[in-house]
Every structure is written in C-alpha cells, then in structure tokens.
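Per-entry structural report
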Amino acid sequence: MFESFSPPSVDALYRTAAAYAADPRPDKLDLGVGVYRDENGLSPVMRSVRIAEERLCAENETKAYLPLAGEPGFLAGMSALLFDGERPDNVAAVQSVGGTGGIRLALELAQHANPDVRVHLGVPSWPNHQGISDRLKIPVSVYDYLNDQKDAASFDNARNSLRNARQGDVLIVHGPCHNPTGLDLPSDEVVSLLREAASMGVIPLIDAAYYGLGNPLDEDLTAIRDIIEQLPECFVSMSGSKAFGLYRDRIGILFIKCRDGASAELARGNAEVLARVNYSAPAAHGAQVIGTILSDQALKEDWQTELALMRGRMTVLRETIKATADDHPALQIIWRTKGIFSLLPFGPEVTEALAEQHAIHMPPTGRVNLAGLSPDTAVRFVDAVKELVAR
Ligand SMILES: Cc1ncc(COP(=O)(O)O)c(C=O)c1O
C-alpha cells in the first residue's frame, strides 16, 4: 500500500524550522513559525494558565469523556467573552481542535449543508485554508488579498470576487491580524463586504486566531460581535493558541450564527456528529484551562494584562524598527502592520542570504514573525536587510 505514495511536499515553514535547528551559530534568530515569543525568545506559559493548571491538577476528579459539544465551562466562558453576556439562542457553540479544527468543522458543515459548496479566499492566506478545502474536495476560488502596491488589503478585490460567488458558498475572511500580511481591512469595510456576501446567500467564515494581539482585546471582540450581529448566518472560529498561548493543547471554538434558535440546535447537533466521526470526543485540558481563567475575575484580568503586554511588545518592536530603518522601502510595511507578522517584499534570494550570512531564518515567502526579535536583534535584522536589499 504505502510504497505508491509520492513524497509529501513539506510546508516551507517546516524547512525554515529545520534550517534554524541545524544552524550551529549561537546568535541565530528564528523569525519563522507563528508563535508569540518574549524578549528571551521563549513562548512562555502565561501566568493565568499556570495558576489554572495548578488548580485543575489539584481539583480534577475525573478523566471521563466530555460532552460532544465541548467542556461546558469553556463554551460558557468563551461565549460570555465574545458576547459580553449571554450567547444569543441563535448562535451555536462547539469546541474544536484548535483554530484549525474550527475551520475544518465549519467547512465540513458547510459541505454537509451544500455538497456543491465552494470557498472564496483572498491570497496569500494561511496555507491550511486552501489545504483543508482541497482535502474536502471543495473548489477554491481565489482573489488577490492585497492591492497592486501590496501595501494594503484590497476591499475592491474582495468585493469583485463575490461576482462569481453562488448561494451556499463560503467566504473565508481573517479576523484581526491577517496571516501572513499583517494588513487588515478596516472593520466598516469588513462589515460591508460580509453583508454583501450574506445578501447573496454566501456564508462568511471568520477565522479569528490573533484577537488581542494587534488591537486591544475589547476592540477585537467588539468588531467580531458586530459582524455576528449584522449577519443572518456566519461561522466564527476562535483559536485558543495565540491569545492564551495554548498552542500545543489544541483548543478552539466554532460559533455558528443561524437564522433562529431551532436552526442553531440543528447546526450544533450536526457539528457534533461530524466531530464525533473525526475524533469522537473533545479534549479537556485546554478547554478547562480557559474555562477556569474566564470564570475567575482575577485570573481573567491577569490574562488580559499579560495579553496587553504581549501586544505592547509588538508595538515597541515596530517602533524600534521604524526608528532605525531610515525609511528603507523593504521595511516600510513593518510599521503599517499589526500582530506578529509582516510580509516583506522580497523572496528566497534575500531570505537565503539572511540565513547564510546573518543566521536570520525566515520562510522564503518573506513572512517575518517579528515576535522572534528583541529590541537589540531588531536593529541587527534591520541592518542585515539594509545590507542585502538595494533601496
Ligand atoms: C490565520 C490562522 N488561522 C488559524 C490558525 C490555527 O491555529 P491553531 O489550530 O493552532 O489554533 C492559525 C495558526 O497559525 C492561523 O494563522
């Protein structure tokens, strides 16, 4: 059976990670994989997470299966966070295996409802949007996410892409902090785009992985809530990986906004069946951690404080880069972007030279994870780019 396989194509990010691991130079920098890092280059366990884990370790009395829809405290906590109160009856909530699992579940559900579903996607995007659709054999229609100057997200391109959309299709849009570009449409344009999509019967899928990392948490949550309120139907997938630093615990949530409470029940029930045949029952750890944090006011505030510090660090890094970049054209995009990523206007020739000559590792696409820098190494990065890229 297995010798007929062709070798898998390896994601460029994993090649970058391997090159970084194999680099013996002590001052090497990893600006590849999409995790937040602190000044010391670590992705630390957040304080509130550590406290919640200690509490759970002492208090957990069972490892029996969770309900199919997910850990009730987690579903309640995330719902209260997003809706700033009760989750409306016409919104279903289902725990997912990370944000990735939420996207997978949403697309499977859309396909279950409409076997001819197609996905509309601005590119470049997070590779799994295309990858999951391909695996499900859902055709993907792509448009250019950025404008011609590549310095802003293009509302016109997104809007024009709807011309070939059909009722029952899905339009994937990123929540705050677009990956890989770091450039978001203003929220009023997002709402107007999604309302237009909805008027054609196209279901928006909002992929919110980086809430709280580019804008204050409240601002991001309000923007997502506004979208949900203004649309008759949509999916919102929220990852617990970035904002809670729970990457390896694989926790996320999928909200499904429906026309009424009865449809939300149906959506939840069908999502549970799809989840059941994929992995049977959801995992407890990350869900219990988030549930614990969000149900304890002091822990919740501590989590928000730490998240704000993470965001503040990204701002300081951008300011440091701006102050030393002498307005270099290859770096300008960095201070126009938000979150941990920027997409720099150079390709493999430059990223290879950065790795070889300066021990600075980033993928050949030009996506840089700025969280891999400290104020000192940011200056080193700027100098290296200035040396390698002509103005
Ligand atoms: C845009 C986007 N969506 C979703 C995810 C999924 O995150 P996870 O499955 O780790 O929660 C990521 C992770 O990098 C992402 O960048």
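Parameters at a glance
Each chain has its residues counted from 1, running along the sequence as written. Residue-level local features of this predicted model are given only where pLDDT is at least 70; pairs of side-chain atoms are given and counted only at 80 or more, and the full residue set underlies all totals for whole chains, interfaces and linings. Side-chain numbers here rest on the full set of heavy atoms in the structure, without hydrogens or water. For helices the rule is a DSSP run of H or I covering at least 4 residues; for strands it is a run of E covering at least 2, with both sets numbered from the N terminus onward. The globule rule is 2.2 Å times the number of residues to the power 0.38, and the radius of gyration it is compared with is taken over C-alpha atoms. Remark: exposure states derive from per-residue accessible area (1.4 Å probe, protein chains only) relative to the maximum for the residue type, with buried under 20%, exposed over 50%, and partly exposed in between. Contacts are residue-level and defined by heavy atoms, with any inter-residue pair within 4.5 Å sufficient. All accessible areas in this document rest on Shrake-Rupley with a 1.4 Å probe, and a residue is counted as covered only by the protein chains that are shown. When charges are tallied, Lys and Arg are placed among the positive residues and Asp and Glu among the negative ones, while His and the ends of the chain are skipped. Lysine's charge is taken at NZ, arginine's at CZ, aspartate's at CG and glutamate's at CD. As defined here, a cavity is a set of points on a 1 Å grid over the protein atoms alone where a 1.4 Å probe fits but cannot get out. A pocket is an open set with protein on both sides within 12 Å along at least five of seven lines, and residues line them when an atom is within 4 Å of a point. Grid points are joined across faces, edges and corners, and a volume is the space filled by probe spheres set on the points. Residues were grouped as follows: Ala, Val, Leu, Ile, Met, Phe, Trp, Tyr, Cys and Pro as nonpolar; Asp, Glu, Lys and Arg as charged; and all remaining residues, including Gly, as polar.

1. Focus on the overall build of the protein chain
Within the protein chain, the regular secondary structure consists of 13 helices and 11 strands. Here the protein chain has a C-alpha radius of gyration of 21 Å; the compact-globule value for 391 residues is 21 Å, and the two agree. In terms of its C-alpha atoms, the protein chain occupies a principal-axis envelope of roughly 60 × 55 × 50 Å. Evaluated residue by residue, the protein chain yields a buried proportion of 53% over its 391 residues. A sequence separation of at least 24 residues applies to 75% of the contacts in the protein chain between residues at least 6 apart. Total accessible area on the protein chain stands at roughly 18,000 Å², and carbon and sulfur atoms take up 52% of it. A distance of 3 Å separates the average location of the 37 positive side-chain charges in the protein chain from that of its 51 negative side-chain charges.

2. Points about empty space enclosed by the protein
According to the stated counting rule, one finds one cavity of 30 Å³ or more in the structure shown. Quantified by volume, the largest cavity comes out at close to 40 Å³. Around the largest cavity, the lining residues are Ala-198, Gly-201, Val-202, Ile-203, Pro-204, Pro-232, Glu-233 and Arg-259. For the lining of the largest cavity, the residue count by class is five nonpolar, one polar and two charged.

Keep in mind that these numbers describe shape and distance, not what the molecule does.
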